[in-house]
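Below, each chain spelled out in residue letters.
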Amino acid sequence: MDKYLNYHLHTTYSNASTIDSCNSIESMIIRAKELGQTSFCITEHGNTLSKFESSMLCKKYKMKQIIGTEAYFVLDRLHSWEGKTLDKKTKTPIMVKDKSNAHIIIIAKNRNGYRQINKALSIANTTGFYMKPRIDLQIVKEVLNPNDVIITTACCGGILAKYDMEQIILEFKDFIDAGSFFIEFQAHNTDKQKEYNSAIFELAKKYNIKTTVACDTHVVTEVDEFYRDLILKRKNMIYDDEDGWMLDFPSYEELFYRFKIQGILPDEVIMESLQNTNLIDSMCENYDITEYSLKIPVPIMYRHLSSDDRFKKLKDIIYFEFEEYCKKDSYPNKNKQKYIDAIEYELGEIYGCHTHDYFLLHYEIIKRGRELGGVLTKTSRGSAACYIVNMLLHFTAIDRLQTSLPLLPQRFMTKERLLLSKSAPDIDLNMADPAPFYQATKELIGEEYCYPMIAFGKVQEKTAWKIYAATNGISVETANDVSKSIDEYMTAKKYEEEDSEIDIYDYIPSQYRKEFEDSKHFRAVIENVRQHACGHLVSPINIVEEIGLIKCKDVICAAIEGSIADKLGYVKSDFLIVSVVDIIDKIYKRIGIEQPSPQELLRNLDEKVWDIYSLGYTAEVNQFTANRTKKMMEVFLPKSLNDLSAAVSFIRPGCTSIVDKLVKREPMSFGVKGIDDILYSHTNIGSYVIYQESIMEMLKYAGIDKKETYSLLKAISKRKPEVIQTAKETFIEGIVKRIMEDKKE
């Protein structure tokens, strides 16, 4: 079977620029494999957002990845002129720019070409954005090198169709001379395509330019095309110029036959053009853009130091901050050895997984961010409060050694877990405004090394189901029943514990699962791209060239999402805006009192504080605003931090079966003193398991190494039966052993 390279291909990632495809990358790769193709190329509209997932899947299917884009092109991206529309306020003409947005295919021959494409699209999104991210002749000539990239003329909405053909040939002469420019034919049997193919065929002969063929693939099968049409209709998108187009993924023979039916090109030209797709393939190297390495940037002021010297610098900072802390708080001053032991243990974990630069960087970010007027929460989000080092570095003000809550350092980080998971630490920072900390980061590591990340807006399960039900004759009653089940799943998902894994099919009634499965054609289809709520990519590598930038509304972001950044070893800093942080800061400033630490606040509480809950004054108290939780607190009557922490945990769906007992403080015992002691110390109520830390402590009590407890906890939440069964046997043996030992005592 003859093969060709289907290089002009779109997936759901093109939807980030314009709604255009429902198909996943994997569906396209599987089709390429079926046809005997050994290389895989995607050219999304105006972006390369699919490149990382494509790279990972190409490894899985043993395909060579080729990276490209179908960019938007104008002659001069900066040129503007007065339009006919007047500005409503100034009554002056609104300036307009060229919005021809001609299509142009750019394919990377090698890693240099890959970086050039990223840079070109980054410029298009910063100084070239007008309706779409537009590259121009300046970018082509100053950024793209004919030795590193290939250009084709794309479809009949391309550069030869929208601009003077002779001028384009002249402007791209360097690429033509280098053999890196191809005139592209497509096989759509429409009058417009026939006229276009005829014209560019003559142009290719006149200037002796190599030709190629392309499919402009958006779907794999006719069924996919049906679902694509539904998505387009949902968004009121109509592409009139696509009437009569074939957007599927044909075989070599099918594509040849389509050109024969079209009747414009001689057989030898069709065959030569098909073979030239393989020439394009041969011109492209196979390189890996998803190789893992932990990518932690070093602040500019420490780059002259060796890694060991930077660790020593971090240690010096931590002990300096500890001495300062001892001057302010009597407890650490009286318990110095306890703190030193904790610090040394945590520093050992940090050094053991080579993450000291992460802590050094974020210490400097917070320090400089505060100098610029930034305000951080005094509390914490996530597990950062489980390390005393994080408190001393000002990532949180919570001192785990002064609380009876189960804040286990193993929950935050162990060197074994980080080395196994190949990830960086993850500290979430709640703040009044991320701008000062974002500016601080750029000052510390460089302008092009920190940008907000992106998140994809995807068709969610309920919307996918509604689209499917509405177009497949599903009764309203059935559609509503399944929708209610999806709502239940979404509620459970909202309150799920960290690292747990909830399966939606556990919520869908069995009689509807087949129909629900069929709605998967719409699930996870990308509809838009937006700025991540809080994630910022912090990189030691130039983001503009290695990843690329994309404009999300008015914000320039790194063209990468969080899950991919994690897999590649990048550091992401979460700068989350929390309005109450700003409110609290302003209140304390207004009354002229320095905002206390959580420890200081707890020491100064009086009985009237707890009246907030007993009297139901919780309208603006986080977690207890709803009437249901307000009434629970009127019965539960919290009187301590432990009580409040327990209440926040047991109001979640996971505790539904025991919540009434917890609210009424009903006693509970497992009859095993060691276990009961652990659980009671966590809740002050009884032997209720409401924290993941409680499970970790129980596993530790049974003799399981404390560093393994978090990994086992994760296996339980992800329902890994083989791991759970082995751990269960070890746990039971350990508990029996402890019971026997306790009886001897």
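Residues numbered from 1 in each chain as written. Predicted model: local features only at pLDDT ≥ 70, side-chain atom pairs only at ≥ 80, totals over all residues. Heavy atoms only, no water.

Draft legend 1. Highlighting the overall build of the protein chain. In terms of helices and strands, the protein chain carries 34 helices and 16 strands. Scaling as 2.2 N^0.38, a compact globule of 745 residues should have a C-alpha radius of gyration of about 27 Å, and the protein chain matches this with 30 Å. On the principal axes, the C-alpha backbone points of the protein chain span a range of 95 × 60 × 60 Å. Within the protein chain, the fraction of its 745 residues that count as buried is 53%. Taking all contacts inside the protein chain whose residues are at least 6 apart in sequence as the whole, residues at least 24 apart take part in 75%. On the protein chain, roughly 34,300 Å² of surface is accessible, and the fraction owed to carbon and sulfur atoms is 52%. In the protein chain, 98 side chains carry a positive charge and 110 a negative one; their mean positions are 4 Å apart. (Helix = DSSP H or I, 4+ residues; strand = E, 2+ residues; numbered from the N terminus. Rg over C-alpha atoms; globule rule 2.2 N^0.38 Å. Buried < 20%, exposed > 50% of the residue type's maximum accessible area, 1.4 Å probe, protein only. Contact = heavy atoms within 4.5 Å. Areas by Shrake-Rupley, 256 points an atom, 1.4 Å probe, with all protein chains shown as cover. Lys, Arg positive; Asp, Glu negative; His and termini not counted. Charge placed at Lys NZ, Arg CZ, Asp CG, Glu CD.)

Draft legend 2. Structural detail: the nonpolar core. Counting 97 residues, the largest nonpolar core has Phe 40, Phe 73, Ile 135, Phe 172, Phe 181 and Ile 560 as its most contacted members. Among the elements that line this core, the one with the most residues is helix α3 (residues 111-126), at six residues. Formed by 48 residues, the second largest nonpolar core is a distinct cluster that contains Tyr 302, Phe 311, Tyr 387 and Met 431. (Core = buried A, V, L, I, M, F, W, Y, C linked by side-chain atoms within 4.5 Å.)

Draft legend 3. Geometry of unusual backbone geometry. A positive phi is found at Ala 154, a non-glycine position, where the angle reads about 65 degrees. When you line up the elements, Ala 154 lands in the loop between β8 (149-152) and α5 (159-162). In the Ramachandran plot, Lys 553 falls in the positive-phi region, its phi being about 55 degrees despite a non-glycine side chain. On the secondary structure map, Lys 553 appears in the loop between β14 (549-552) and β15 (555-558).

Draft legend 4. Region of the structure containing the packing of helix α15 (residues 356-371) against helix α19 (residues 435-445). Running from N to C, α15 and α19 cross one another at 125 degrees; their axes reach a closest spacing of 8 Å. As the angle between them shows, α15 and α19 are arranged oblique. Crossing hand, α15 versus α19: right-handed. Side by side, α15 and α19 meet where Leu 361, Glu 364, Ile 365, Ile 366, Arg 368, Gly 369 and Arg 370 of the first sit next to Pro 436, Phe 437, Ala 440, Thr 441, Glu 443, Leu 444 and Ile 445 of the second. Class assignment for the residues of the contact of α15 with α19 results in eight nonpolar, two polar and four charged. (Axes fitted to C-alpha atoms, helices over the stretch in contact; angles between N-to-C directions. Parallel < 35°, antiparallel > 145°, perpendicular 65-115°, else oblique. Left-handed = near helix turned anticlockwise from the far one by under 90°. Nonpolar A, V, L, I, M, F, W, Y, C, P; charged D, E, K, R; others polar.)

Draft legend 5. Region of interest: helix α2 (residues 51-60). If you check which residues of α2 are buried, you get Lys 51, Phe 52, Ser 54, Ser 55, Leu 57 and Cys 58. On its buried face, α2 sits against α1 (25-34), β1 (39-45), β2 (64-73), α3 and α24 (562-568). Where α2 terminates, the next one or two residues include Lys 62, which has phi positive at roughly 55 degrees.

Draft legend 6. Main features of the sheet that holds strand β12 (residues 450-458). Spatial ordering of the open sheet is given by β11-β16-β13-β12, a layout of four strands whose pairing is mixed. Where the open sheet ends on each side, the last strands, each with one partner, are β11 (428-431) and β12. Within the sheet, the average angular offset between the axes of one strand and its neighbour, ignoring direction, is 45 degrees. Pairing analysis gives four bridges linking β11 to strand β16 (residues 571-577), with the strands arranged parallel. Note on β16: the bridge partner recorded for Leu 429 is Phe 575. (Pairing = 2+ DSSP bridges.)

Draft legend 7. Molecular detail of the pairing of strand β3 (residues 80-86). Bridging between β3 and strand β4 (residues 93-97) involves four bridges; their strand directions are antiparallel. Across the sheet, residue Leu 86 finds its bridge partner in β4, namely Pro 93. In sequence, β3 turns back onto β4 through a hairpin of six residues, with Lys 91 there showing a positive phi of about 65 degrees.

Draft legend 8. How the structure looks around the packing of helix α31 (residues 673-683) against helix α32 (residues 692-701). Taken N-terminus to C-terminus, the directions of α31 and α32 make an angle of 155 degrees; their axes are 10 Å apart at the nearest point. Taken together, the axis directions place α31 and α32 in an arrangement best described as roughly antiparallel. Pair α31 / α32 crosses with right-handed handedness. Residues Gly 674, Ile 675, Ile 678, Leu 679 and His 682 of α31 form the contact with α32, whose own contacting residues are Glu 693, Ser 694, Glu 697, Met 698 and Tyr 701. Looking at side-chain class alone, the contact of α31 with α32 contains five nonpolar, three polar and two charged residues.

Draft legend 9. Here's a closer look at the environment of Cys 326. Here Cys 326 lies in helix α12 (residues 307-328). Exposure remark for Cys 326: the relative accessible area of 8% places this residue in the buried category. Put simply, Cys 326 and Val 298 are 28 residues apart on the chain and 29 Å apart in space, counted from C-alpha to C-alpha. Once you skip the residues sitting within four places of it in the chain, Cys 326 turns out to touch Pro 332, Asn 333 and Lys 336.

Draft legend 10. Broad picture of the packing of aromatic side chains. For the coordinates displayed, the defined rule picks out 25 aromatic pairs. Seen from their ring centres, Tyr 331 and Tyr 339 are 6.2 Å apart, and the 75 degrees between their planes marks the pair as edge-to-face. Classification of Tyr 331 by relative accessible area gives partly exposed; the value is 26%. Measuring from centroid to centroid gives 5.1 Å for Phe 636 and Phe 650, while their planes differ by 85 degrees, and the two rings are edge-to-face. Taken together, the residues Phe 636 in helix α28 (residues 627-636) and Phe 650 in helix α29 (residues 641-650) connect sequence positions 14 residues apart. Residue Phe 636 is classed as buried on the basis of its relative accessible area of 1%. By relative accessible area, Phe 650 is classed as buried at 0%. (Phe/Tyr/Trp six-rings, centres within 6.5 Å; stacked < 30°, edge-to-face > 60°.)

Draft legend 11. Quick look at the environment of Ala 102. With respect to the secondary-structure elements, Ala 102 resides in strand β5 (residues 102-108). Accessibility expressed as a relative area gives 0% for Ala 102, which makes it buried. Along the chain, Ala 102 and Met 237 lie 135 residues apart, while their C-alpha atoms are 19 Å from each other. Excluding residues within four positions of it along the chain, Ala 102 makes contact with Ala 71, Tyr 72, Phe 73, Gly 157, Gly 158, Ile 159, Lys 162 and Tyr 163.

Draft legend 12. Highlighting the pairing of β2. Of all ten residues in β2, ten are buried, a share of seventy percent or more. Of the two faces of β2, the one holding Lys 64, Ile 66, Gly 68, Glu 70 and Tyr 72 and the one holding Gln 65, Ile 67, Thr 69, Ala 71 and Phe 73 are both buried throughout. Regarding the hand of the β-α-β motif, the stretch spanning β1, α2 and β2 is right-handed. Summarising the sheet, β2 and β5 pair through six bridges and their orientation is antiparallel. In the sheet register, Glu 70 faces β5, and the bridge partner there is Ile 105. In terms of strand pairing, β2 meets strand β7 (residues 132-135) through two bridges, oriented parallel. The residue bridging Tyr 72 from the neighbouring strand is Arg 134, located in β7. (Right-handed = clockwise from strand over helix to strand, strands pointing away.)

Draft legend 13. Spatial organisation of the pattern of salt bridges. Counted by the stated rule, this structure contains 41 salt bridges. Here Glu 344 makes a salt bridge to Lys 315, at a shortest N to O gap of 3.9 Å. Residue Glu 344 is found in helix α14 (residues 336-352), and its partner Lys 315 is found in helix α12; the two are separated by 29 residues along the sequence. Judged by relative accessible area, which is 34%, Glu 344 ranks as partly exposed. (Salt bridge = Lys/Arg side-chain N within 4 Å of Asp/Glu carboxyl O.)

Nothing here speaks to function; it is geometry throughout.
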